[in-house]
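# Coordinate analysis (summary)
Okay, here's what each chain looks like letter by letter:
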Amino acid sequence: MTKADIVNEIAKNTGIDKTTVLTTVEAFMDTVKDSLSNEDNVYLRGFGSFVVKKRAQKTARNISKNTTIIIPEHNIPSFKPAKTFTIAVKK
């Protein structure tokens, strides 16, 4: 399902015009992205949590040049679904 599909589905179910729904969906995604970039987690009860995970520094190998490189510590976004969400998907 794409963002356009989500907008169409919400507009159909609520009767709100698509431009308003699109603006709302994009504002939601921007808010989540901004929160995660500031290392703030987003918790949506009954849906799940968008969390920032910290990856430790590690050593990797460049096989083509036969050298080792150091990958610095960095953050990655992650989503952890709520228990009710996983139960609904399993059915």
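Predicted, not measured: the structure shown is a model, and the values here were computed from it.

Conventions adopted
- Residues numbered from 1 in each chain as written.
- Predicted model: local features only at pLDDT ≥ 70, side-chain atom pairs only at ≥ 80, totals over all residues.
- Heavy atoms only, no water.
- Helix = DSSP H or I, 4+ residues; strand = E, 2+ residues; numbered from the N terminus.
- Expected span 1.5 Å × (residues − 1).
- Domains from an automatic or database assignment.
- Contact = heavy atoms within 4.5 Å.
- Buried area = accessible area lost by both parts, 1.4 Å probe.
- Nonpolar A, V, L, I, M, F, W, Y, C, P; charged D, E, K, R; others polar.
- Phe/Tyr/Trp six-rings, centres within 6.5 Å; stacked < 30°, edge-to-face > 60°.
- Buried < 20%, exposed > 50% of the residue type's maximum accessible area, 1.4 Å probe, protein only.

Along its 12 residues, helix H1 (residues 3-14) runs 16 Å from first to last C-alpha, staying within 8% of the 16 Å computed at 1.5 Å per residue. Once H1 ends, the next one or two residues include Gly 15, with phi positive near 80°.

With that out of the way, let us pick up the domain arrangement of the protein. Split by domain assignment, the protein resolves into domain 1 (1-40) and domain 2 (41-90). Here domain 1 and domain 2 have C-alpha centroids that lie 23 Å from each other. On the domain 2 side, the residues contacting the 6 residues of domain 1 number 9 residues. Around 590 Å² of area is buried between domain 1 and domain 2 when both sides are counted, 76% of it from carbon and sulfur atoms. Looking at side-chain class alone, the side of domain 1 that touches domain 2 contains 3 nonpolar, 1 polar and 2 charged residues.

To continue, consider the environment of Val 52. Mapped onto the elements of the fold, Val 52 is located in strand S2 (residues 48-55). Beyond its immediate stretch of four places on either side in the chain, Val 52 contacts Leu 36, Glu 39, Asn 41, Asn 75 and Ile 76.

Here the phi dihedral of Glu 39 falls at roughly 60°; this positive angle occurs in a residue that is not glycine. Relative to the helices and strands, Glu 39 resides in the loop between helix H2 (18-37) and strand S1 (42-44).

Moving on, we get to the packing of aromatic side chains. One pass over the full model with this rule turns up 4 aromatic pairs. Between Phe 47 and Phe 79, the aromatic rings sit 5.6 Å apart at their centres with planes inclined by 55°, giving tilted as the arrangement. Taken together, the positions of Phe 47 in the loop between S1 and S2 and Phe 79 in strand S5 (residues 74-81) put the pair 32 residues apart, joining distant regions of the chain. The exposure class of Phe 47 is partly exposed, given its relative accessible area of 37%. A relative accessible area of 32% means that Phe 79 is categorised as partly exposed.

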